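Commentary on secondary and tertiary structure
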Amino acid sequence: MDKYQLGLNITPDKIGYAIMDSRNNLLKPNGAKAGIGERLFIPGEVAEPTRLLRSARRIKRRRQWRLTCLEQEFKPELDKVDPAFLYRLKDAWLSRSDVRRKRRQNLFANVVTEAQFYKKYPTIYHLQVDLINHPEKKFDLEYIYLAIHSLIKKRGNFLSSIPVDSYKASKFDATSAYKQLNKAFKAIGYPFVKLAVQYADSGNDILLSDSLFKTNKIKKFQEIVVEEPKKKTDATQSKKVTRQLLNALLNSPTRFDILLNAEVEDDPNWKFTLADEHVDEKVSYIKQSLSDEQIEILDLLIDWHNYIELHQLLNGATTIAEAMVNIYDKHGQDIKLFNKYRLTVNNETAKSLKILYLSYANGSRNNKDVKKAVGAKSLSREDTSMTKLQR
């Protein structure tokens, strides 16, 4: 047989082939019309669902272990004060109509004491703040246990799914980060992506601003901080890459294959947010295919993202508990203002706004529905009619 060459194009769901001679002419083996074609097959499935379930079981098992250790530490002293306290706490999540519930009270033996507790401490954060701010005060042992129980159960807070040890107390050096990113982007084949180092502080202020929506932050950041290349094609590509960079920093779904210039065959595992509950596993997965420069960019963005998250979480407070009390108080003020605003519109609009608020409280965040309900073409952070009511 004459010499021949075989060309293969291998993808996750098919293999293409071509058989050619030394002059790249297609051969016809065994009477076939042409030695070219492809074979399709069902691609292999990732083990992500199983991995996530295993991770959830591991998290639950560790949480139960932490709470068991806490209970063993406090039980001898709690039994001297209120032997049934821990048993009531375990039943507290059950409805009073549930047959499995054996006690009427949620936490305390006395109904009056329980009512006074909830009136003084509407949330667990109010109790934590009181304990922190008054170390000289003698609190009931049950109060101390409840405050620590909340911290131990969620390892600090449940506001963000990012692991607590990901946060760093030190201030993020934006100037140094811009220099590192510019150098790393050039190394991975994005020489046209450049951040203006002289505007590093301005860029940080934009990302940390409370008065701008995400879309406005992205637009303003790209206008001020991102240097525009001279070539139109480079400018388009630069905007595309920096958009993914800002998505990563602002908790939006991010195409890390685009951001890191990675050649990936439609793998959904490359699209996620840095606030994802399983972000550690997803980052580890994509790092297997990255170069040192790409990993440098990814690690830097994670540090930057966590700094922004921590800053927005605290919002000027010194502790997470204090920040949550501030959010609680602000929400109460907003509810009063919202109800006051509903009195100024017709009944149909007021009813729509109430339904939208309930939807918002349950996790829906659709500004288009709000605009439609109030008949507004545009909706800013501070609506003019609401501002008038505040005054």
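All of these numbers come straight from a predicted model, not from anything done at the bench.

Here's the deal with helix α9 (residues 232-249)
In this model, α9 (18 residues) spans 26 Å end to end at C-alpha, consistent with the 26 Å of a helix rising 1.5 Å per residue. Within α9, the full set of buried residues consists of A235, S238, V241, T242, Q244, L245, L246, N247, A248 and L249. Buried residues in α9 make contact with α6 (174-187), α7 (200-208), α8 (214-224), β4 (254-255), α10 (256-259) and α12 (292-314). Two residues or fewer past α9, N251 is found with a positive phi of approximately 65°.

Comments concerning a nonpolar patch on the surface
A cluster of nonpolar side chains, contributed by Y4, L6, L8, I10, I15 and F41, occupies part of the molecular surface with about 610 Å² of accessible area. With three residues, strand β1 (residues 5-11) is the single largest residue contributor to the nonpolar patch. Here I10 lies in strand β1.

Overview of the sheet that holds β1
On the basis of which strands lie adjacent, the open sheet formed by three strands has the order β1-β2-β3 and antiparallel pairing. Pairing within the sheet leaves two strands with one partner each, and these edge strands are β1 and β3 (36-40). Across the sheet, the mean angle separating the axes of adjacent strands is 15° when strand polarity is ignored. Here strand β2 (residues 14-20) pairs with β3 via five bridges, running antiparallel. Bridged to A18 within β3 is I36.

Topic: the packing of aromatic side chains
Under the criterion given, the structure shown has 14 aromatic pairs. Judged by centre distance (5.9 Å) and plane angle (70°), the ring pair of F108 and Y143 falls under edge-to-face. Taken together, the residues F108 in the loop between α2 (85-91) and α3 (111-120) and Y143 in helix α5 (residues 141-153) connect sequence positions 35 residues apart. Y143 shares its class with F108; the two are buried. Measuring from ring centre to ring centre gives 5.5 Å for F117 and Y118, while their planes differ by 75°; the resulting arrangement is edge-to-face.

Remarks on the environment of G203
Looking at the secondary structure, you find G203 in helix α7. Its relative accessible area of 0% is what places G203 among the buried residues. For G203 and T175, which are 28 residues apart along the polypeptide, the C-alpha to C-alpha distance reads 9.9 Å. The contacts of G203, once residues within four sequence positions are left out, are Y178, F221 and V225.

Digging into the pattern of salt bridges
Using the criterion set out here, one finds twelve salt bridges in the structure. With its nearest N and O atoms 4.0 Å apart, the salt bridge here joins D13 to K14. With a relative accessible area of 29%, K14 lands in the partly exposed category. Across the pair E281 and R58 runs a salt bridge, and its minimum N-O distance is 3.6 Å. Pair noted here: E281 is in helix α11 (residues 279-287) and R58 is in helix α1 (residues 48-81), with a separation of 223 residues, a long-range link. What makes R58 partly exposed here is its relative accessible area of 27%.

Calculation criteria
Residues numbered from 1 in each chain as written. Predicted model: local features only at pLDDT ≥ 70, side-chain atom pairs only at ≥ 80, totals over all residues. Heavy atoms only, no water. Helix = DSSP H or I, 4+ residues; strand = E, 2+ residues; numbered from the N terminus. Expected span 1.5 Å × (residues − 1). Buried < 20%, exposed > 50% of the residue type's maximum accessible area, 1.4 Å probe, protein only. Contact = heavy atoms within 4.5 Å. Patch = residues over 30% accessible without salt bridge, like charges linked within 9 Å, V, L, I, M, F, W, Y side chains within 5 Å. Areas by Shrake-Rupley, 256 points an atom, 1.4 Å probe, with all protein chains shown as cover. Salt bridge = Lys/Arg side-chain N within 4 Å of Asp/Glu carboxyl O. Pairing = 2+ DSSP bridges. Axes fitted to C-alpha atoms, helices over the stretch in contact; angles between N-to-C directions. Phe/Tyr/Trp six-rings, centres within 6.5 Å; stacked < 30°, edge-to-face > 60°.

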